[in-house]
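Architecture and fold: a report
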2 protein chains.
Amino acid sequence: MTSLDATVSPTDARAAIRRGDWSNTTTGIANGYAQANLVIIPEAYASAFLRFCMANRAACPVLDVSEPGSFHPQALGDAIDLRTDVPRYRVYEHGELVDEPADLVSRWRDDLVTFSIGCSFSFEEPLLAEGVPVRHMAARTIVPMYRTRVPLIPAGPFHGNYVVSMRAMSPADAIRAVQITTDMPSVHGAPLHLARPELIGIDDIHKPDFGDPPVMEAGDIPVFWACGVTPQVALMNAKLPFAMAHAPGHMLITDVPNYRLKYR
Amino acid sequence: MTSLDATVSPTDARAAIRRGDWSNTTTGIANGYAQANLVIIPEAYASAFLRFCMANRAACPVLDVSEPGSFHPQALGDAIDLRTDVPRYRVYEHGELVDEPADLVSRWRDDLVTFSIGCSFSFEEPLLAEGVPVRHMAARTIVPMYRTRVPLIPAGPFHGNYVVSMRAMSPADAIRAVQITTDMPSVHGAPLHLARPELIGIDDIHKPDFGDPPVMEAGDIPVFWACGVTPQVALMNAKLPFAMAHAPGHMLITDVPNYRLKYR
């Protein structure tokens, strides 16, 4: 079993995943390169989903939309194969999770369109580089994520509420984090909310809906960003006859350096 | 008695003040133009005070330093007379307030240097223009200001703790306000702190040290900016034999449009 780490190249990481030598989370792998959430749906729904993404850009910042039937995301790396290069996928039928396969080769169809959506992993490195501690990374846990009561703008069958990721930090670091992430709109951009979780429907900050419980220090406030799990929740809500996605935490590792996502 | 309002020009406002026809606060007068805090000290202390300003830029953003003996701040308007154009001044001897005159004509000296320091009034208009309510303006009260326990970097005789102004707003507006004020570093720039007043030594948010009690709505958090009262506190702490300043709230109205302070 290959062991992947922060220093591996995106090409080598994807090769190991493609061979079936890595089926774990992609957190902490190939540092410096953007990872992407995937939503894979029939072309018949692609226009509505694109409208949904445009209407809810903070939650669904689109990095690439593939040609129908193509499994190559042109903007993210020439050698990527969307059917094989993610450690684990999810298959939905009528909104129900029916399988978690390691590849999509046998399920691929000529009418599938893949949306690659930016991920907050890409702004964690700039935060660290500018001196803002990221507590869940230091603790080697998964970032806590919460369902909120903040509604998304619906489009076609796609609807739901925002899911947010949370990073706890000092108020001064929260201000710095707003500045840093404002410049990275394609990986969720500035926070949606901070300091008062109850205002967005989070009743217990210590019990996230996804990920691990938060690591908080004295004097910290919670800072909330729109999360790439949001489009997957909207996808489930849409109850399409057939749809696929990456499994949460098991992302597409792209050839795009995180610094390229500044100002775009 | 002349009545000055938001629509008067800076030239007309200063003329009324110079004639002695206006001795009140300059809040809400000549909207659209920057107002400045003044610190007026003998040249012997000017170098130390400039070092102090450079070391504590968020609190002391310098807009202009006059030539010794000159009462014309070159960067702020050709026709300004620093001796007469502020509604009320303060005179300090050895750190004690000894007078609050309406002009400084009889007290002017050939060795005086005037520091004009940016004021948060200048970012309140951009906040409003971009949809962030400013509660104390709507309520027609003076912005609440607080002494903190956050120390300034000392320089020569100048030292003390930050004084902060506070505006209460929703968390989403606080994030927007960070973005807007980040672009205006010469009028205090981004907030210093938010959400948790006790962390910077503010024990009761409802009892400010200067200004009026805060106007807060349900769901608001307090957002704190470095305040132009800070240099005046440092000036008092320095206990110079002789020093002068504007009286708080009675500012110099300049010819500089607020929009000119974006990105500088």
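From a predicted model like this one, the values you see are computed outputs, not experimental measurements.

Regarding the pattern of salt bridges
- Counted by the stated rule, this structure contains 26 salt bridges over all chains.
- A salt bridge links A:Arg109 to A:Asp111, with the shortest nitrogen-to-oxygen separation between them at 3.0 Å.
- When its relative accessible area of 25% is taken as the criterion, A:Asp111 is described as partly exposed.
- Salt-bridge contacts for B:Asp255 lead to B:Arg14; the nearest nitrogen and oxygen are separated by 2.9 Å. Highlighted residues: B:Asp255 in strand E11 (residues 252-257) and B:Arg14 in helix H1 (residues 10-18), separated in sequence by 241 residues.

Things to note about the layout of surface pockets
Residue and element names in this part refer to chain A.
- In this model, the largest pocket occupies a volume close to 780 Å³.
- Contributing to the lining of the largest pocket are 38 residues, with Thr25, Thr27, Gly28, Phe121 and Glu124 lying nearest its centre.
- Those elements giving two or more residues to the lining of the largest pocket turn out to be strand E1 (33-42), helix H3 (121-129), helix H4 (135-138) and helix H6 (229-238).
- Looking at side-chain class alone, the lining of the largest pocket contains 15 nonpolar, 20 polar and 3 charged residues.
- For the lining of the largest pocket, the two domains that each supply at least three residues are domain 1 (10-120 + 242-261) and domain 2 (123-230).
- Considered as a void within the structure, the second largest pocket measures approximately 510 Å³ in volume.

Describing the environment of A:Ile117
All names here are of chain A.
- Secondary-structure assignment places Ile117 in strand E5 (residues 112-118).
- According to the relative accessible area criterion, Ile117 is buried, its value standing at 0%.
- Considered as a pair, Ile117 and Arg196 are 79 residues apart in the sequence and their alpha carbons are 27 Å apart.
- When near neighbours in sequence (up to four residues on either side) are disregarded, Ile117 contacts Gln35, Ala36, Asn37, Val39, Phe49, Cys53, Ala59, Cys60, Pro61, Leu63 and Pro231.

Comments concerning the environment of B:Gly201
Residue and element names in this part refer to chain B.
- Structurally, Gly201 is set in the loop between strand E8 (193-194) and strand E9 (221-226).
- The exposure class assigned to Gly201 is buried, which follows from its relative accessible area of 14%.
- Placed 51 residues apart in sequence, Gly201 and Val150 show a C-alpha to C-alpha distance of 7.7 Å.
- With near-sequence residues (within four places) excluded, Gly201 lies in contact with Arg147 and Arg149.

Details of the relation of the copies chain A and chain B
- With an axial shift of 0.0 Å and an RMSD of 0.0 Å, the rotation relating chain A to chain B amounts to 179°. This pairing of chains is accounted for by a two-fold axis.
- Taken together, the interface assignments show that 100% of the residues at the interface of chain A recur at the interface of chain B, consistent with an identical surface on both copies.

Some points on the environment of A:Glu217
Residue and element names in this part refer to chain A.
- The topology assignment puts Glu217 in the loop between strand E8 (193-194) and strand E9 (221-226).
- Taking the relative accessible area as the measure of exposure, Glu217 reaches 46% and is therefore partly exposed.
- With 207 residues separating them along the chain, Glu217 and Pro10 place their C-alpha atoms 34 Å apart.

Overview of the pairing of E9(B)
Residue and element names in this part refer to chain B.
- In terms of burial, E9 is a largely internal element, 6 of the 6 residues being buried.
- In the sheet, strand E7 (residues 161-169) pairs with E9 via 6 bridges, with the strands oriented antiparallel. Bridging across to E9, Arg167 finds its partner in Val223.
- Of the pairings in the sheet, the one linking E8 to E9 comprises 2 bridges and is antiparallel in character. Directly across from Leu194, in E9, lies its bridge partner Val223.

Concerning the domain arrangement of chain A
All names here are of chain A.
- Domain parsing of chain A yields domain 1 (10-120 + 242-261) and domain 2 (123-230).
- For domain 1 versus domain 2, the distance between C-alpha centres works out to 22 Å.
- For the pair domain 1 and domain 2, the summed buried area comes to about 1900 Å², and 62% of that belongs to carbon and sulfur atoms.
- For domain 1, the biggest contributors to the area lost against domain 2 are Phe52, Ser120 and Leu261; these three give 32% of the whole.
- Linking domain 1 to domain 2 there are 0 salt bridges.
- Summed over the shared surface of domain 1 and domain 2, the result is 8 residue pairs in polar contact (both at pLDDT 80 or more).
- Going through the elements one at a time, E1 and helix H2 (46-55) are the ones with two or more residues in the side of domain 1 that touches domain 2.
- Residue contributions to the side of domain 1 that touches domain 2 peak at 5 residues, all from H2.
- A breakdown of the residues in the side of domain 1 that touches domain 2 according to their chemical character gives 13 nonpolar, 7 polar and 1 charged.

The rules behind the values
Residues numbered from 1 in each chain as written. Chains lettered and ligands numbered in written order. Predicted model: local features only at pLDDT ≥ 70, side-chain atom pairs only at ≥ 80, totals over all residues. Heavy atoms only, no water. Salt bridge = Lys/Arg side-chain N within 4 Å of Asp/Glu carboxyl O. Buried < 20%, exposed > 50% of the residue type's maximum accessible area, 1.4 Å probe, protein only. Helix = DSSP H or I, 4+ residues; strand = E, 2+ residues; numbered from the N terminus. 1 Å grid on protein atoms, 1.4 Å probe; cavity = no way out; pocket = protein on both sides within 12 Å on 5 of 7 lines; lining within 4 Å. Points joined across faces, edges and corners; volume = space filled by probe spheres on them. Nonpolar A, V, L, I, M, F, W, Y, C, P; charged D, E, K, R; others polar. Domains from an automatic or database assignment. Contact = heavy atoms within 4.5 Å. Least-squares fit on C-alpha atoms with pLDDT ≥ 70 in both. Pairing = 2+ DSSP bridges. Buried area = accessible area lost by both parts, 1.4 Å probe. Polar contact = N/O pair within 3.5 Å; in protein donor to acceptor, adjacent residues only side chain to side chain.

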